[in-house]
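# Architecture at a glance
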Amino acid sequence: EAVAADWMLEFACYCLCRHFREACAAEFWRWRDVAQALINGLSKIPTHQKKTVYLCQLLIRIAKGKNLECHFESDHRISPLESALSFWTLLEREEVKLEKLHKDIRHLILIQIVAVHMESGYFKEAAEVLERLFTDSESDKPLRVKLATVIKSKDPYVPLLQSFSYSLLISKIKSYIELYMKENETNFLIQAATKQVESEGLGTTALQNENVNINENNESNLETKQRFVFSITLLRNVLGQMQNCCLNVDSSLVWMCIHCPLGLNSLQNMERNGDAWAHGRRKQRWTYKEDLELKSGIREFGVGNWAKILVHGDFNNRTSVMLKDRWRTLCRIG
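Given the structure is predicted, the values throughout are model-derived calculations rather than measurements.

## So, the overall build of the protein
Across its full length, the protein holds 18 helices and 0 strands. Burial status across the protein gives 46% buried among its 334 residues. Long-range contacts, defined as pairs at least 24 residues apart, comprise 68% of the intrachain contacts of the protein with a sequence gap of at least 6. Carbon and sulfur atoms form 49% of the exposed surface of the protein, whose accessible area is close to 18000 Å².

## Observations concerning the packing of aromatic side chains
Applying the stated criterion across every chain yields a total of 7 aromatic pairs. With a centroid separation of 6.2 Å and an interplanar angle of 70°, the aromatic rings of Trp286 and Phe315 are classed as edge-to-face. With Trp286 in the loop between helix H15 (276-279) and helix H16 (288-301) and Phe315 in the loop between helix H17 (306-312) and helix H18 (320-333), the pair connects residues that are 29 residues apart, well separated along the chain. Of the residues examined, Phe315 reaches a relative accessible area of 13% and is grouped as buried. One aromatic cluster in this structure is built from Trp7, Phe11 and Trp31. Above the plane of the ring of Trp29 lies Lys64, whose end atom (NZ or CZ) is 5.0 Å from the centre.

## Focus on helix H9 (residues 166-183)
Over its 18 residues, H9 runs 26 Å from end to end, which matches the ideal 26 Å to within 8%, given 1.5 Å per residue. For H9, the full list of buried residues reads Tyr166, Leu169, Ile170, Ile173, Tyr176, Ile177, Tyr180 and Met181. The arc that holds every buried residue of H9, seen down its axis, measures 140°, which confines them to one face. In this structure, H9 carries Ser167 and Lys182 as exposed residues pointing more than 90 degrees from its buried face. Contact partners of the buried residues in H9: helix H1 (2-21), helix H3 (50-63), helix H4 (80-94) and helix H5 (99-119).

## Let's talk about the nonpolar core
Nonpolar side chains in soluble globular proteins tend to be buried together. If you look at the biggest cluster of nonpolar residues, it comprises 62 residues, and the most contacted ones within it are Leu55, Leu58, Leu59, Ile62, Leu147, Leu169 and Tyr176. Residue contributions to this core peak at 11 residues, all from H5. Leaving out residues up to four positions away in the same chain, Leu55 has contacts with Cys13, Cys17, Leu91, Tyr176, Ile177 and Tyr180. Grouped together as the second largest cluster of nonpolar side chains are 9 residues, Leu294, Ile298, Trp306 and Leu330 included.

So, how was this worked out
- The written sequence of each chain sets the order in which its residues are numbered from 1.
- At least 70 in pLDDT is required for a residue's local features to be given in this predicted model, at least 80 for side-chain atom pairs to be given and counted, and no such filter applies to totals for whole chains, interfaces and linings, which use all residues.
- Hydrogens and waters are ignored; side-chain quantities use all the structure's heavy atoms.
- Only DSSP runs of H or I reaching four residues or more are called helices, and only runs of E reaching two or more are called strands; each is numbered from the N terminus.
- Between buried and exposed lies partly exposed: a residue is buried under 20% and exposed over 50% of the maximum accessible area for its type, with that area taken using a 1.4 Å probe on protein chains only.
- Any two residues whose heavy atoms approach within 4.5 Å are treated as being in contact.
- Residue burial considers only the protein chains on display, and all accessible areas are found by Shrake-Rupley using a 1.4 Å probe.
- Geometry of aromatic contacts follows a simple scheme: Phe, Tyr and Trp rings, the Trp one being its six-membered ring, pair when their centres are within 6.5 Å, and the pair is stacked under 30 degrees between planes, edge-to-face over 60, tilted otherwise.
- For a ring to carry a charge above it, either NZ of a lysine or CZ of an arginine must fall within 6 Å of the ring centroid while also lying within 35 degrees of the normal to the ring plane.
- Working rule for helices: expected span equals 1.5 Å times residues minus one.
- Relevant arc is that of directions from the helix axis to the C-beta atoms, nothing else.
- The term nonpolar core refers to a set of buried residues drawn from Ala, Val, Leu, Ile, Met, Phe, Trp, Tyr and Cys, joined through side-chain atoms within 4.5 Å.

Laid out in structure tokens, this is it:
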């Protein structure tokens, strides 16, 4: 479970970065929920996951940076950007090789913390923020003096705030996460599982013990399926027969975490159905029995808990998304 949680958190962070970079708001907030659930489940942040956790928290706060009604801290005076600054400070401690970019982002966050308050007409609060941010009079003294002058002018459109704008902050953050994503392009599932399997001395021979029928006439399909088999085999050795997933999240990530440890049935179904996996599952008629299983699952776990219903029900190669869509259909037809 620890190995799976590690992989899920890294994958969730990678998805957050990707959707932040591409400005896909809906997907970003969906993966925010996944990442936050995983982070909340940590009793203590493992050393190797600190950077991942800090980056997730930073992006979540930057995305809400202009919303002063949104609070991440118990002290409601702390704006989302001020909260983001604390996580940026933690991230800086984890790295030493990006000094110029670190400095640029730190200054932009500091400036925008003040700018966002001024844009909302909160000049008194902007002055209070300045006092909190620069407790050491010698720390970034030139910037502090400039910001103090800006606040006194009560003009949110002065050249300093326009030159170091919120859009520039977002651009710099995107540059930072581009570097993160390049360093984390590996397949997290294979990476984590391989590490664990190698530590147990199992190596890649585990793959040879599986009786899997693969069409060798199609090289592209062969490679895809081999990687898929390898992932499942290794993760199954790591996790054993894990039957439940603690997250109530309707996503392909949870579907994989539920089904991969259960064996190669999913792959064998894919083999029987040809390339349905790659091109989207072929539509299958819902049987009366499946409808009963769905209704029974909803009575037991409630609407929305599709991952749990999927695990505990007897469905024919369905996903949690399919369960949700079928329930909508049943509600419409009464």
